[in-house]
Structures are given as C-alpha cells and as structure tokens.
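Fold and geometry: a report
Below are the chains, spelled out letter by letter.
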Amino acid sequence: MVGQTGAGQAGVGQAGVGHAGVAPSVLDAVGGTPMVRLGRVVPAGAADVLVKLEGANPTGSYKDRMATAIVEGARARGELRPGRRVVEFTGGSTGSSLAFVCAVVGHPLSLVSSDAFSPEKLRTMRAFGAELTVVPSREGRITPDLFVRMRAEVDRIVVEQDAFWTDQFHNADALTGYAVLGREILAQASSVDVFCAAVGTGGMLAGVAGVLHEAGPTRVVALEPASSPTLTAGRGGAHRVEGTATGIVPPLLVPSSSGSGRAHDDARAVDEGEARALARRLARDEGLFVGTSSALNIAGALELAAEVGPGRTVVTVAVDTGLKYLAGDLFGD
C-alpha cells in the first residue's frame with residue numbers, strides 16, 4: 001500500500017527503487033511511527049500507558065494512512081481515473097492528508113471545511129493546492145448540523161465537476177490503511193490489554209480493532225467528548241474536540257458495514273475540559289506536544305490504566321501534533 005508497503009514494493013506515485021534508507025517517494029514515508037511509554041502523568045499503581053506518535057507522518061497526522069489507502073484503492077478499481085477531481089468534507093486533518101496525496105499523484109482536489117476548525121489546518125489544505133470552501137459555524141462550535149451543511153457543498157461539487165467523493169465515513173479502504181497501524185502497534189508493544197481512541201469517522205478504531213481482536217483478547221474502548229455523548233448516551237452536542245463526535249454512530253463502527261467483526265467492546269465519555277488541561281500538562285511534564293483529541297485519547301487511557309492496574313498495558317494514539325493548534329486558545333497564556 002502507498003507509503004505502508006515493504007521495501008521495494010511499488011505504490012502510487014513511486015518512481016522507482018531508491019537506495020537503502022531513502023524513500024522513493026514522500027508517500028513511502030507514511031507509517032512506521034514511534035511509540036513511547038508515559039511516565040509522570042500515569043498514576044501510581046496503574047497499568048503501563050503507551051502512545052503511538054502519529055504526528056511523525058508527513059502531514060503530522062494519522063489521516064495520512066487513510067488518505068493513501070483511499071486514493072490507492074479508488075485508482076486500482078478505476079473509480080479514480082487520471083486527472084479526475086477528488087472531493088471531501090473535512091475538519092482539516094483528512095483534508096490536509098488528501099491534499100498531500102493528491103499533490104503527489106496529480107489529482108485536483110476540492111475540500112469543504114469550516115471556521116470551526118483550526119486555521120492552521122485550513123492553511124495547510126490550501127498550501128498543498130486544494131480548492132477550499134469554508135462553511136460558517138455557529139460560534140466556532142462543532143455541531144451535527146455543521147456536517148450536514150458541509151455535505152451539501154460536497155454534493156454540489158460532485159454534480160458540477162464530476163468529482164470523486166472519497167466518502168470517508170463509509171469508505172472501507174480506510175480500514176486497510178488503519179490495519180497497518182494495528183500491526184505496527186502489535187510489533188512495538190509486548191502486549192496490548194486495552195486499546196482506546198476517540199471516534200470521528202470510526203475508521204481508525206475499526207481498522208486497529210480488527211487486527212487486535214484477531215491477534216488475541218484485547219479490550220477496545222471507543223472514546224468521545226462528554227459534551228457530545230452519541231455512543232454512550234445516544235445524543236450529540238456542541239464541542240471543540242476536532243476530528244471527533246460528529247453526532248452520529250459512524251457506519252464504519254457497525255460490523256455489517258466494516259466487515260471486520262465488532263469494532264469496539266465498550267465506550268466511554270471523557271470531559272473535554274480535562275483533556276484540554278491534560279494537553280498542556282503533557283507538554284510540560286512529558287515533552288509530548290499534542291492537540292485536544294490526542295489529549296482526550298490519553299485521558300481515556302489514563303482512566304483505563306488506573307482501572308486495570310499494574311502488570312497490564314493500555315495503548316492509545318496521539319493522532320497529530322500540537323503545532324496544528326497554536327493559533328487557538330489551547331496553549332494560550
């Protein structure tokens with residue numbers, strides 16, 4: 001797969017075999033991210049907490065895995081012919097990753113986003129050459145109706161420009177990309193008793209869960225902000241945790257849609273305020289610079305580590321880097 005193949009295997013955009021240690025294409029730099037063990041923020045008597053640092057991907061996000069898998073899958077099936085326009089609605093990280101991949105392989109790209117998401121992400125999408133439509137939010141909040149309005153813009157672009165919609169909420173190619181993440185986790189961690197992660201499209205949780213459940217008895221926990229408890233309480237709500245909690249149960253979490261068996265064993269809500277405070281503490285005490293959604297993942301992992309106790313291992317993902325959130329108030333004085 002693009003950027004996640006073994007040495008010498010050709011993927012989309014790969015020009016040829018390079019020298020040892022030199023990737024033939026920037027797409028081949030996707031994946032292979034480091035994993036670290038947390039120290040100071042883990043309470044005494046808790047399980048080990050390991051964090052996969054997906055900010056090491058080319059655009060600084062785990063979404064690079066999904067974007068490469070989706071583009072490769074569509075091209076292989078002939079759905080995405082050379083030169084055809086690609087379109088998606090996005091909170092920013094998916095858009096940045098699609099813009100990165102499309103820039104390399106030569107597809108024009110239209111993205112629909114909103115001012116509810118960080119300006120760094122909007123600028124990144126434009127920097128890679130994407131045409132960007134910005135849908136206004138309600139007071140900067142991420143609400144279920146925002147995604148409905150963004151989707152309407154996608155439908156318009158599909159009709160007017162014969163664009164290929166990547167449909168990240170339903171596209172099972174994403175599971176292929178995230179299965180590689182799951183295999184990397186198994187290779188790096190000596191054991192995985194619990195894996196937890198927040199849900200946006202659900203693709204990452206489902207893709208990783210498929211690998212972990214097949215390998216052994218790992219408990220997989222879906223996380224969400226407590227202000228939008230769709231999985232835990234059946235209702236959406238306004239929040240500011242980008243990339244999560246769209247107000248629906250993502251289709252990729254439903255076994256009949258994902259084709260990968262159960263995607264998670266249980267779900268829990270995490271307080272957004274606690275996650276934001278933890279993001280600042282992680283930078284100061286662990287040297288780990290992450291945004292709110294990654295901090296929410298780690299907050300959930302710390303809760304679970306305290307519950308399951310010593311001798312166990314809880315794994316989660318830092319989905320991107322704090323550099324994407326410097327213009328907001330997360331790290332303000």
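Residues numbered from 1 in each chain as written. Predicted model: local features only at pLDDT ≥ 70, side-chain atom pairs only at ≥ 80, totals over all residues. Heavy atoms only, no water.

**Describing the side chain of His-107**
Tracing the chain through its elements places His-107 in the loop between α2 (93-105) and β4 (109-114). Leaving out residues up to four positions away in the same chain, His-107 has contacts with Arg-75, Leu-80, Arg-81, Pro-82, Gly-83, Arg-84, Val-86 and Cys-102. (Helix = DSSP H or I, 4+ residues; strand = E, 2+ residues; numbered from the N terminus. Contact = heavy atoms within 4.5 Å.)

**Some remarks on the sheet that holds strand β3 (residues 86-89)**
Strand order across the open sheet formed by 4 strands is β5-β4-β3-β6, with parallel pairing between neighbours. Taken across any chain shown, the strands that pair with only one partner, and hence form the sheet edges, are β5 (131-135) and β6 (164-165). Two elements, β4 and β5, share 5 bridges in a ladder whose sense is parallel. Along β5, the bridge assignment pairs Ser-110 with Glu-131. (Pairing = 2+ DSSP bridges.)

**Comments concerning the nonpolar core**
Ranked by internal contacts, the top residues of the largest apolar core, which has 31 residues, are Leu-38, Val-49, Leu-282, Ile-298 and Val-314. Elements supplying a minimum of two residues to this core: β2 (48-53), β7 (194-198), β8 (219-225), α9 (272-286), α10 (292-308) and β10 (313-318). The element best represented in this core is α10, accounting for 8 residues. Setting aside residues up to four positions removed in sequence, Val-314 forms contacts with Ala-47, Asp-48, Val-49, Leu-50, Val-194, Cys-196, Ala-301, Leu-304, Ala-305 and Val-308. In this structure, Met-35, Ala-174, Ala-209 and Val-317 belong to the second largest nonpolar core, which totals 28 residues. (Core = buried A, V, L, I, M, F, W, Y, C linked by side-chain atoms within 4.5 Å. Buried < 20%, exposed > 50% of the residue type's maximum accessible area, 1.4 Å probe, protein only.)

**Examining unusual backbone geometry**
The phi torsion of most residues other than glycine is negative, and most of the peptide bonds are trans. Despite not being glycine, Glu-139 shows a phi value in the positive range, around 60 degrees. Take Glu-139: it is sitting in the loop between β5 and α4 (144-161). In this structure Glu-139 comes out as exposed when scored by relative accessible area, which is 80%. Although it is not a glycine, Asp-162 sits at a positive phi angle of roughly 50 degrees. Position of Asp-162 among the secondary structure elements: in the loop between α4 and β6. You can call Asp-162 partly exposed: its relative accessible area is 40%.

**Some points on the environment of Ala-299**
Here Ala-299 is to be found in helix α10. Linking Ala-299 and Val-41, residues 258 residues apart in sequence, is a C-alpha distance of 9.6 Å. Once residues lying within four places of it in the same chain are set aside, the contact partners of Ala-299 are Val-270 and Leu-278.

**Side note on the packing of α2 against helix α3 (residues 119-127)**
Axis angle and axis distance: for two packed helices, these are the angle between their axes and the distance between the axes, and together they describe the pair. Contact pair α2 / α3: the axes reach a minimum separation of 8 Å and the direction vectors enclose 15 degrees. Taken together, the axis directions place α2 and α3 in an arrangement best described as roughly parallel. Two packed elements cross with a definite hand, and for α2 against α3 that hand is left-handed. Here Ser-93, Gly-95, Ser-96 and Ala-99 of α2 come into contact with α3, specifically with Lys-121, Thr-124 and Met-125. Tallied by class, residues from the contact of α2 with α3 come to 2 nonpolar, 4 polar and 1 charged. (Axes fitted to C-alpha atoms, helices over the stretch in contact; angles between N-to-C directions. Parallel < 35°, antiparallel > 145°, perpendicular 65-115°, else oblique. Left-handed = near helix turned anticlockwise from the far one by under 90°. Nonpolar A, V, L, I, M, F, W, Y, C, P; charged D, E, K, R; others polar.)

**Quick word on the pairing of β4**
Among the 6 residues that make up β4, 6 are buried, leaving the element largely enclosed by the rest of the structure. Taking every second residue as pointing to the same face, both faces of β4 are buried, with Leu-109, Leu-111 and Ser-113 on one and Ser-110, Val-112 and Ser-114 on the other. The pairing of β3 with β4 spans 4 bridges and is parallel. Bridging from a neighbouring strand, Val-87 pairs with Ser-110 of β4. This β-α-β element, β3 to α2 to β4, shows right-handed connectivity. (Right-handed = clockwise from strand over helix to strand, strands pointing away.)

**Observations concerning the sheet that holds β7**
Spatially, 6 strands are ordered β1-β2-β10-β7-β8-β9 in an open sheet, and the strand pairing comes out mixed. What marks the edges here is a single partner per strand, and that holds for β1 (35-37) and β9 (266-270). The sheet shows a mean angle of 25 degrees between the axes of neighbouring strands, taken without regard to direction. In this sheet, β9 lies alongside β8 in parallel orientation, the contact comprising 5 bridges. Paired with Pro-225 across the bridge in β9 is Val-270. Together, β7, β8 and β10 form the strand contacts of helix α6 (residues 203-215), whose direction differs from that of β7 by roughly 170 degrees.

These figures capture arrangement, not role.
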